[in-house]
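Breakdown of the fold
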Amino acid sequence: MGNCMYGLCDSFGCSKNTNIRLKLPAVCFIWQIAMIILFGIFVRYNEESDTHWIEHKKTKRNLSDIENDFYYRYPSFQDVHVMIFVGFGFLMTFLKRYSFGAVGFNFLIAAFGIQWALLMQGWFHSFGTGKILIAVENLINADFCVGSCLIAYGAVLGKVSPVQLLVMTLCGVTLFAIDEFIILNVIHAKDAGGSMSIHTFGACYGLAISWVLYRPDLNQSKRLLGSVYHSDVFAMIGTLFLWLFWPSFNSAICSHGDGQHRAAINTYLALASTVLTSVAISSLSKDKGKLDMVHIQNSTLAGGVAVGTAAEFMLMPYGALIVGFCCGIISTLGYVYVTPFLEKNLKIQDTCGINNLHCMPGIIGGIVGAISAAGATEYVYGSEGLSPYIGTMFPMVPRLQGGHQAAGLCVAIVFGIGGGIAVGTVLKLPIWGDPADDNCFDDEVYWELPEDEESHSVILEYNNHMRNKHQDV
Amino acid sequence: MGNCMYGLCDSFGCSKNTNIRLKLPAVCFIWQIAMIILFGIFVRYNEESDTHWIEHKKTKRNLSDIENDFYYRYPSFQDVHVMIFVGFGFLMTFLKRYSFGAVGFNFLIAAFGIQWALLMQGWFHSFGTGKILIAVENLINADFCVGSCLIAYGAVLGKVSPVQLLVMTLCGVTLFAIDEFIILNVIHAKDAGGSMSIHTFGACYGLAISWVLYRPDLNQSKRLLGSVYHSDVFAMIGTLFLWLFWPSFNSAICSHGDGQHRAAINTYLALASTVLTSVAISSLSKDKGKLDMVHIQNSTLAGGVAVGTAAEFMLMPYGALIVGFCCGIISTLGYVYVTPFLEKNLKIQDTCGINNLHCMPGIIGGIVGAISAAGATEYVYGSEGLSPYIGTMFPMVPRLQGGHQAAGLCVAIVFGIGGGIAVGTVLKLPIWGDPADDNCFDDEVYWELPEDEESHSVILEYNNHMRNKHQDV
Amino acid sequence: MGNCMYGLCDSFGCSKNTNIRLKLPAVCFIWQIAMIILFGIFVRYNEESDTHWIEHKKTKRNLSDIENDFYYRYPSFQDVHVMIFVGFGFLMTFLKRYSFGAVGFNFLIAAFGIQWALLMQGWFHSFGTGKILIAVENLINADFCVGSCLIAYGAVLGKVSPVQLLVMTLCGVTLFAIDEFIILNVIHAKDAGGSMSIHTFGACYGLAISWVLYRPDLNQSKRLLGSVYHSDVFAMIGTLFLWLFWPSFNSAICSHGDGQHRAAINTYLALASTVLTSVAISSLSKDKGKLDMVHIQNSTLAGGVAVGTAAEFMLMPYGALIVGFCCGIISTLGYVYVTPFLEKNLKIQDTCGINNLHCMPGIIGGIVGAISAAGATEYVYGSEGLSPYIGTMFPMVPRLQGGHQAAGLCVAIVFGIGGGIAVGTVLKLPIWGDPADDNCFDDEVYWELPEDEESHSVILEYNNHMRNKHQDV
């Protein structure tokens, strides 16, 4: 079976060279070797993951082993890890013939990205010492950073080569680390669950790239731009693991004790609320009230995105429900109206609808964070929770904090769009092995498919057979 | 593609109106808004999830942050969460054309149910204070509560509309909360893993509803009441995640320390034992000793159900193995003999066989709990573990405790059957958009299916083609 | 539908009797009853899972409940549990018609094996006391032990009956326990993640059995020895959960505090590195640089295997990356060159390629462990981490420790090969109901398949129809 299964290549111009036999291995080897060298120079264990922990815990009021940060954060880390690799990977398997690419390339770029993220984030947080000292919290942050690149992948799913994805991830991680440093350490905004730095940034980055890479003739591969029954069930694996573990995502790097506790509760509630409004709008939007799997797979997650920044705040349980309520509506309406609008009017082709799942809810999340920070009172937070500069919650007085939160949101948007346009321009060069317009969304291009893909080929054959018969008659 | 894909609607009476375009959104919106209002009035964070934790831990002998209940319970909570959404959802995907409904409606009703459960359970445990103060233990209890409604869904899978499911969940959660309050707080029975309050109640509730909603002509949709190869593999995802995380389910709300530890061990052992006897009986029951996927998917879980009540007790490792041993046999025999008997003689149509997986093993679990409580001795439990009224284990002297355990079991059965009949009668009203008899077990009714469901339609077409040919000859 | 769906049985000698209706139930019942009796005699809770915990924690400097070993190890235990049942099970579902056998028999033998492992490992570690006192660490060790048998299953996947698998597991667990005791307690080697005792032993055991059971006419079932599109996606579920939770696997039984922390970090890094080199070699090995799903599913995991022994050591982050880098290359090359070589020249038929995923990386892991132990310095480990006989890390001076590590590796290989040949010889007896050569890799033999497996039978029928037509013409 050749590269182009419809025998149209010669006449219609599948002229693009998708052979990546040298490019992909070269990029993988060069980058992995670079990682080894840079890790050799810069990265060491920190005092909690080093054998010196024995001495360290004695110096600190006789800590017990259980107070090693590992036990505070490792369960959440593993949940986040599941979200990044299984959650994002399977969420994108909904296309009928791009499941290998969805789950496989997600795996590849995440595995590369986490290494580069450890370095980039480490450099920004270890000025002066010269060494990056890592522990479980760094692993979580690396997973977070990669999450933003996987979000961006959702916009270009099926339209780019793995080499482009690796470039996109390299640049995305770099931009993320700068962006995050500015938001958290320069502006001193809080962003525990990353509504701004992960979701808004990642979605803007992906949408901007997709805009630069606009393909006017993409409808040539329209036949592959849908799901089949079982691919939709596979996608639900991704949806559910993302939905389930989102409380861990938003709470993973919160402060010990009540911070993590509260973030998990807020996220749990926001997500529950989102499901009901997503279902409601999905049913309203269709003939006979039938539900659309695209909405169930994606919009039900919007509440988790939107509650990210404010997860740790005293948002109150009803506040979380309200955030989820609104986002379920907005995200589902996004799939119904905004995605077609973006494609038609703004020339942004967004395969997975990341605008609806990450961009709009992420921006809402940033706004919710700004408002709830600005409105924080000592009555709610307690004097010890809120005293400026020494309290656990905000580094500034509430009103000022609110302004800084809003500034953080703007930074994320600017970095996302600006970075995306720059990177997209690089990716447009004709050297990366991307597929032709009529080969998009097809695993055939980059994967050895099972030789006897019976059900598929028989059906095609059968269809042809029937067609010929009709013509004969 | 129309609603009735066989073109028989006009002549044979798919006369039922399954249009839920107004009903479903209306119910979702009304209930979600009600939740927001009630949460606004009643629900707040408790002292461990509130910013006041800083002060709280100082007043309690200088607690460390790691002693926040979050770290005792959050890993178990996440495991339970996986069971509720992935486990129950995928376990029901075995039907060839009802996977969307299985995993999607499971998602919908669980997301609604957990909110209502937080309120209902909260009200019962916060008399006097006026506010419901929530923390991670409440989230686990809400998941548990919803579990009973998902069990009930198993009995009516494919035969009800999502609107009916939402009503069923509203009432089910309400009944559960009352039932649980009586069992745990009035009768003072112990029921850590919920053999009685979750499994027995949930199964009785579902079976009673199914009895009321009996469809004499259900064999009209018999063609859809089986699995296909891949749907059985999807269902194994559900089975395995349920099986794996059951130790967390039974230990999640046990007392700190040895209680959680012992409950996990007992459950691990009971489940291992069940697998072997389920396989043995499955092989015995079939020609040539072939195994039946239905048994492997369901009966292997019976040991976890049956060890629920006694999970925290000093059941001893061999005791757990014996419980699992018996339940594997009983549950598999249930699928072979009891399910057909129930349908034929008692007019109970039980799609997933919840009688065999939850009802019978749940009752066994209640009895095991009663016997092992009544037989508790100071020799086994130690003086501090068993001193009546102050010990960690039982609130009463053992013999009395055994009687109360038995009483708890009776309460669960009575609430389940009584509540199920009442709710079933309401659900029988012809206003809920339930499917016609020949449309059951078909996602077509409530879901937008992928337009080019090739494999399916080609096969039907091909079958017709062959049939016509034979007739021609 | 009969046992042999191609109607060739009579003429071509599907003469083997695969009826296991008496054998399988008999083995299951006998072994499970034996387990109950032996658990009754030997197994009790230990002081951390017993109600005596209340007294125990008082005697030990007023321990808090959170310092119960349960909270140190339970999250890792659950991750390992997912790997054993979901990870290994789904990884083997890649065959087009053996998914039931892959996930179902994996479930059966793991559930039996963990019980027998608790006893065998318990006996070796409780000389003198007479009772085996179990806690969460024992559950993890039992899961580990079973892991080695599941690895061995990979070599014979599709070619043996469930009765043979149960015998293989009984013997495998026994051998593992002896092997492990010698490595850890006699030779005093360290092997936290089991590169030697789990992976090398398990793979050698499986390959030796496969060698003894060599089937010269296996190409009769060649038509079933491939994947289909969706079976490859199912296998990715296994791959990803194994990959994700491997840091927990390697850290689960490490020493509290920095040991677990460091093992998780090392494994995380090694696995990330492996993905890139696996992808690179996979792309290089194929025409047009297309990726092969077999490599992505398996070789990406090799880094986790290879870093097992040294996971807890001060391997340094770049060291972990280097180990992963090499193993991705070696494992993928193994699939391309070594597997065909083994089959052709050494008569070892290795269905899942366990040589490439477990044997070669396991041996590398043993060597890495020996080298890094021999090279340990006080500068790196600190004086308290390395003082011989009293330090937390090694029981001996480094150079001596290195020698002992190497000796441990040899023991694992010898036990694996020797034990495999012995057990294979027993399994060759014609009494176990194994399938005929042309029935291998077919679920039809041991499973009741869905009656209307439409897509499959229609396709076969259609193919025949087309073939006849061509012949007519």
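Predicted model, so just to flag it, every value in this text is computed and none were measured.

1. Here we look at the side chain of A:Lys159
Residues and elements named next belong to chain A. By the secondary structure assignment, Lys159 is in the loop between α6 (136-156) and α7 (162-186). Buried Lys159, no salt bridge; nearest opposite-charge side chain is Asp350, N-O distance 7.0 Å. A distance of 3.2 Å separates a polar atom in the side chain of Lys159 from the backbone oxygen of Ala155. Those residues in contact with Lys159 that sit more than four places away from it in its chain are Gln164, Ser210, Arg215, Leu218, Gln349, Asp350, Thr351, Asp434, Pro435, Cys440 and Phe441.

2. Some remarks on the interface of chain C and chain A
Size of an interface, as often reported, equals the accessible area lost when the parts are brought together. Taken residue by residue, the interface counts 82 residues in chain C and 84 residues in chain A. Regarding the contact of chain C and chain A, the summed buried area is about 7300 Å², with carbon and sulfur atoms giving 72% of it. A per-residue breakdown of the area chain C buries against chain A is headed by C:Tyr229, C:Tyr268 and C:Leu276, which together make up 12% of the total. For the interface between chain C and chain A, the tally reads one salt bridge. Here C:Lys290 makes a salt bridge to A:Glu444, at a shortest N to O gap of 3.7 Å. At the junction of chain C with chain A, the criterion picks out 28 residue pairs in polar contact (both at pLDDT 80 or more). Ranked by the residues each element gives to the side of chain C that touches chain A, the list is headed by helix α10 (residues 258-284) of chain C, at 19 residues. Residue classes in the side of chain C that touches chain A are distributed as 47 nonpolar, 22 polar and 13 charged. In this sheet, strand β3 (residues 291-292) of chain C lies alongside strand β4 (residues 447-448) of chain A in parallel orientation, the contact comprising two bridges. Each bridged residue has a counterpart across the sheet, and for A:Trp447 the counterpart in β3(C) is C:Leu291.

3. Topic: the relation of the copies chain B and chain A
Each copy of the sequence occupies a distinct position, and chain B is placed on chain A by a rotation of 120° and an axial shift of 0.0 Å, giving an RMSD of 0.0 Å. The relationship between the two copies is best expressed as a three-fold rotation axis. Residue B:Pro75 of chain B places its C-alpha closer to the rotation axis than any other residue of that unit, at 3.6 Å. Different-surface contact between copies: only 12% of interface residues of chain B are shared with the interface of chain A.

4. Digging into the relation of the copies chain C and chain A
Of the transformation placing chain C onto chain A, the axial shift is 0.0 Å and the rotation is 120°, giving an RMSD of 0.0 Å. A distinct binding surface is used by each copy, with only 12% of the interface residues of chain C retained as interface residues in chain A.

5. Examining a nonpolar patch on the surface
Residue and element names in this part refer to chain A. Among the surface-exposed residues, Ile33, Ile37 and Ile41 lie close enough to one another that they form a single nonpolar patch of about 260 Å² accessible area. Position of Ile41 relative to the elements: it lies in helix α2 (residues 23-42). Judged by relative accessible area, which is 42%, Ile41 ranks as partly exposed.

6. Examining unusual backbone geometry
Although it is not a glycine, A:Lys347 adopts a positive phi angle of roughly 60°. Within the secondary structure layout, A:Lys347 lies in the loop between α13 (317-345) and α14 (354-374). Under the relative-accessibility criterion, A:Lys347 is labelled partly exposed at 44%. The phi dihedral of B:Met316 is positive, around 70°, even though this residue is not glycine. With respect to the helices and strands, the residue B:Met316 is situated in the loop between α12 (302-306) and α13 (317-345).

7. Some remarks on the environment of B:Leu38
Residues and elements named next belong to chain B. Turning to its location among the elements, Leu38 is positioned in helix α2 (residues 23-42). Judged by its relative accessible area of 21%, Leu38 is partly exposed. Not counting the four nearest positions on each side in its chain, Leu38 is found in contact with Val43, Trp116, Leu119 and Trp123.

8. Here we look at the packing of aromatic side chains
Applying the stated rule across the entire model yields 75 aromatic pairs over all chains. Ring geometry for B:Phe241 and B:Phe245: centres 5.9 Å apart, planes at 35°, overall tilted. Taken as a pair, B:Phe241 and B:Phe245 lie in helix α9 (residues 229-251) at a separation of four residues, close to a single helical turn. In this pair, the class of B:Phe241 matches that of B:Phe245, namely buried. Three or more aromatic residues joined by ring pairs form one cluster here, namely A:Phe70, A:Tyr71, A:Tyr74, A:Phe77, C:Tyr72 and C:Tyr268. One cation-aromatic arrangement involves B:Arg97 over A:Tyr229; the distance from NZ or CZ to the ring centre is 4.7 Å.

9. Observations concerning the pattern of salt bridges
All names here are of chain A. Scanning all chains against the criterion turns up 24 salt bridges over all chains. With its nearest N and O atoms 2.9 Å apart, the salt bridge here joins Lys16 to Asp434. On the criterion of sequence distance, the pair formed by Lys16 in the loop between α1 (9-12) and α2 and Asp434 in the loop between α17 (398-427) and β4 is long-range, its members being 418 residues apart. Classification of Lys16 by relative accessible area gives partly exposed; the value is 39%. A relative accessible area of 13% means that Asp434 is categorised as buried. A salt bridge links Arg73 to Asp69; its shortest N-O distance comes to 3.5 Å. Of the two residues, Arg73 and Asp69 are both situated in helix α4 (residues 69-91); the distance of four residues between them amounts to about one turn of the helix. For Asp69, a relative accessible area of 9% translates into the label buried.

10. With respect to the packing of α2(A) against α10(C)
Put simply, α2(A) and α10(C) touch, their axes get as near as 8 Å, and they point 155° apart. Judged by the angle between their axes, α2(A) and α10(C) are roughly antiparallel. Like other packed secondary-structure pairs, α2(A) and α10(C) cross with a definite hand, here left-handed. Contacts from A:Leu24, A:Pro25, A:Cys28, A:Phe29, A:Gln32 and A:Phe39 of α2(A) reach α10(C) at C:Leu269, C:Ala272, C:Ser273, C:Leu276, C:Thr277, C:Val279, C:Ala280, C:Ile281, C:Ser283 and C:Leu284.

11. Observations regarding the packing of helix α8 (residues 195-212) of chain C against helix α17 (residues 398-427) of chain C
Helices that pack against each other are described as a pair by the angle of their axes relative to one another and the distance between those axes. All names here are of chain C. Across the interface, α8 lies against α17 with an axial gap of 7 Å and an inter-helix angle of 30°. Taken together, the axes of α8 and α17 lie roughly parallel to each other. As for how α8 packs across α17, the hand of that crossing is right-handed. Within the contact of α8 with α17, the residues separate by chemical class into 16 nonpolar, eight polar and no charged.

12. Remarks on the interface of chain B and chain A
The partner chain A presents 81 residues to the 84 residues of chain B that form the contact. Summing both partners gives a buried area of about 7200 Å² for chain B against chain A, and 72% of it is carried by carbon and sulfur. Of all residues in chain B, B:Tyr45, B:Thr51 and B:Phe107 give up the largest surface area on contact with chain A, accounting jointly for 11% of the area buried on that side. At the junction of chain B with chain A, the criterion picks out one salt bridge. One can count 28 residue pairs in polar contact (both at pLDDT 80 or more) joining chain B with chain A. When the residues that make up the side of chain B that touches chain A are grouped by side-chain class, the tally is 49 nonpolar, 18 polar and 17 charged.

13. Some words on the nonpolar core
One recurring pattern in soluble globular proteins: nonpolar side chains tend to sit buried together. A:Phe241, B:Phe241 and C:Phe241 are the most contacted members of the largest nonpolar core, which has 482 residues in total. For A:Phe241, the contacting residues outside a window of four places in its chain are A:Val82, A:Met83, A:Val86, B:Val82, B:Val86, B:Phe241 and C:Phe241.

14. Describing the state of the cysteines
Scanning the entire structure with this criterion turns up zero disulfides over all chains. In this structure A:Cys171 is a free cysteine whose sulfur lies 9.2 Å from that of A:Cys149, the closest cysteine sulfur available. Take B:Cys327: it sits in no disulfide, and the sulfur closest to it among the cysteines is that of B:Cys326, at 6.6 Å.

Reading the values: the criteria
Residues numbered from 1 in each chain as written. Chains lettered and ligands numbered in written order. Predicted model: local features only at pLDDT ≥ 70, side-chain atom pairs only at ≥ 80, totals over all residues. Heavy atoms only, no water. Helix = DSSP H or I, 4+ residues; strand = E, 2+ residues; numbered from the N terminus. Buried < 20%, exposed > 50% of the residue type's maximum accessible area, 1.4 Å probe, protein only. Lys, Arg positive; Asp, Glu negative; His and termini not counted. Salt bridge = Lys/Arg side-chain N within 4 Å of Asp/Glu carboxyl O. Polar contact = N/O pair within 3.5 Å; in protein donor to acceptor, adjacent residues only side chain to side chain. Contact = heavy atoms within 4.5 Å. Buried area = accessible area lost by both parts, 1.4 Å probe. Nonpolar A, V, L, I, M, F, W, Y, C, P; charged D, E, K, R; others polar. Pairing = 2+ DSSP bridges. Least-squares fit on C-alpha atoms with pLDDT ≥ 70 in both. Patch = residues over 30% accessible without salt bridge, like charges linked within 9 Å, V, L, I, M, F, W, Y side chains within 5 Å. Areas by Shrake-Rupley, 256 points an atom, 1.4 Å probe, with all protein chains shown as cover. Phe/Tyr/Trp six-rings, centres within 6.5 Å; stacked < 30°, edge-to-face > 60°. Lys NZ or Arg CZ within 6 Å of the ring centre and 35° of its normal. Axes fitted to C-alpha atoms, helices over the stretch in contact; angles between N-to-C directions. Parallel < 35°, antiparallel > 145°, perpendicular 65-115°, else oblique. Left-handed = near helix turned anticlockwise from the far one by under 90°. Core = buried A, V, L, I, M, F, W, Y, C linked by side-chain atoms within 4.5 Å. Disulfide = S-S within 2.5 Å.

So, to be careful, I would describe these as geometric facts and stop short of saying anything about function.
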